[in-house]
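Structure assessment
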Amino acid sequence: SQKIEQNSEALNIQEGKTATLTCNYTNYSPAYLQWYRQDPGRGPVFLLLIRENEKEKRKERLKVTFDTTLKQSLFHITASQPADSATYLCALDSGSSNTGKLIFGQGTTLQVKP
Amino acid sequence: DAGVTQSPTHLIKTRGQQVTLRCSPISGHKSVSWYQQVLGQGPQFIFQYYEKEERGRGNFPDRFSARQFPNYSSELNVNALLLGDSALYLCASSSPSGGEETQYFGPGTRLLVL
């Protein structure tokens, strides 16, 4: 069955360090992968989208890689700040054309300590 | 421009009751999707509507239904509520093309079933 896995344990890092979050998937051939940020009690907020033919995507302090051979995406936040503390979700398209159905991982909670 | 709005923000119901949740998409967006998010998990896809037609349905029982109105707003109905229906219900709208890609989430409706 289709499965998406993210680090289930919270990630605690010191301010200024680089945070790296992992998203692994099985039994999928997604056309793209997205990363969202979610703060407690709020809806997810879109951060980055990377397509299957792209290896890497950057936006300010964020970087996403997508390895379709390993079936893995890595999400990096450089020079992390306490304000980056949140839950980060990866999401894949379902593989069905034009359904808009996203399959989400369970999320990884990041805590950046000052 | 206003983002996705949802109402109500919180709701308490008892088992067996029925509930209706409402969503207004971003202006110009014709596609609305509904997700259920249980505490500690990622959002799980329930429905997508585009141009008032159901485009996708997740693995939810028939107690869950939805519809989209001519102004592209949407309602999610849940009948015969169970304790396990307690969750954050998220609505997301997407681009005018109704295709996949970025979804913009509302703040959610927190439903508690007693």
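For the structure itself, look to the data block above.
Residues numbered from 1 in each chain as written. Chains lettered and ligands numbered in written order. Predicted model: local features only at pLDDT ≥ 70, side-chain atom pairs only at ≥ 80, totals over all residues. Heavy atoms only, no water.

Moving on: the overall build of chain A. Looking only at helices and strands, chain A features zero helices and 11 strands. A compact globule built from 114 residues would reach a C-alpha radius of gyration of about 13 Å, and chain A, at 14 Å, matches this within 12%. In terms of its C-alpha atoms, chain A occupies a principal-axis envelope of roughly 45 × 30 × 20 Å. The long-range fraction of contacts in chain A, counting pairs at least 24 apart against all pairs at least 6 apart in sequence, stands at 55%. When the accessible surface of chain A is summed, it comes to about 5700 Å², and 45% of that surface belongs to carbon and sulfur atoms. Averaged over its 14 positive side-chain charges, chain A has a centre that lies 1 Å from the centre of its 11 negative ones. (Helix = DSSP H or I, 4+ residues; strand = E, 2+ residues; numbered from the N terminus. Rg over C-alpha atoms; globule rule 2.2 N^0.38 Å. Contact = heavy atoms within 4.5 Å. Areas by Shrake-Rupley, 256 points an atom, 1.4 Å probe, with all protein chains shown as cover. Lys, Arg positive; Asp, Glu negative; His and termini not counted. Charge placed at Lys NZ, Arg CZ, Asp CG, Glu CD.)

Moving on, we get to the pairing of strand β7 (residues 64-68) of chain B. Residue and element names in this part refer to chain B. Burial along β7 is one-sided: the face carrying Phe-64, Ala-66 and Gln-68 is buried and the face carrying Ser-65 and Arg-67 is not. Bridge count between β7 and strand β8 (residues 74-78): five bridges; the pairing is antiparallel. Residue pairing in the sheet places Ala-66 in a bridge with Leu-76 of β8. Between β7 and β8, which follow one another and run antiparallel, lie five residues, and Tyr-72 among them has a positive phi close to 75°. (Buried < 20%, exposed > 50% of the residue type's maximum accessible area, 1.4 Å probe, protein only. Pairing = 2+ DSSP bridges.)

Residue and element names in this part refer to chain A. Of all the eight residues making up strand β9 (residues 86-93), eight are buried; the element is thus mostly covered by neighbouring parts of the structure. Burial along β9 is two-sided: the residues Ala-86, Tyr-88, Cys-90 and Leu-92 and Thr-87, Leu-89, Ala-91 and Asp-93 are all buried. Pairing of strand β4 (residues 32-38) with β9 involves six bridges; the strand directions are antiparallel. By the bridge assignment for β9, Trp-35 is matched with Cys-90. For β9 and strand β11 (residues 108-113), the ladder comprises three bridges, and the chain directions are antiparallel. Considered in β11, the bridge of Thr-87 is made with Thr-109.

A word on the sheet that holds β7(B). Residue and element names in this part refer to chain B. The four strands lie next to each other as β1-β3-β8-β7, forming an open sheet whose pairing is antiparallel. The open sheet has two edge strands, β1 (5-7) and β7, and neither has a second partner. Mean inter-strand twist for the sheet, computed between neighbouring axes without regard to direction, equals 15°. (Axes fitted to C-alpha atoms, helices over the stretch in contact; angles between N-to-C directions.)

With that settled, consider the pattern of salt bridges. Within the structure shown, the criterion is met by 10 salt bridges over all chains. In this structure, the salt-bridge partner of A:Arg58 is A:Glu56, at a minimum N-O distance of 2.9 Å. By relative accessible area, which is 58% here, A:Arg58 ends up exposed. On the basis of relative accessible area, A:Glu56 is assigned to the partly exposed category, the value being 39%. We note a salt bridge from B:Glu75 to B:Arg22, for which the minimum N-O separation is 3.4 Å. One end of the pair, B:Glu75, is in strand β8; the other, B:Arg22, is in strand β3 (residues 19-24), and 53 residues separate them in sequence. (Salt bridge = Lys/Arg side-chain N within 4 Å of Asp/Glu carboxyl O.)

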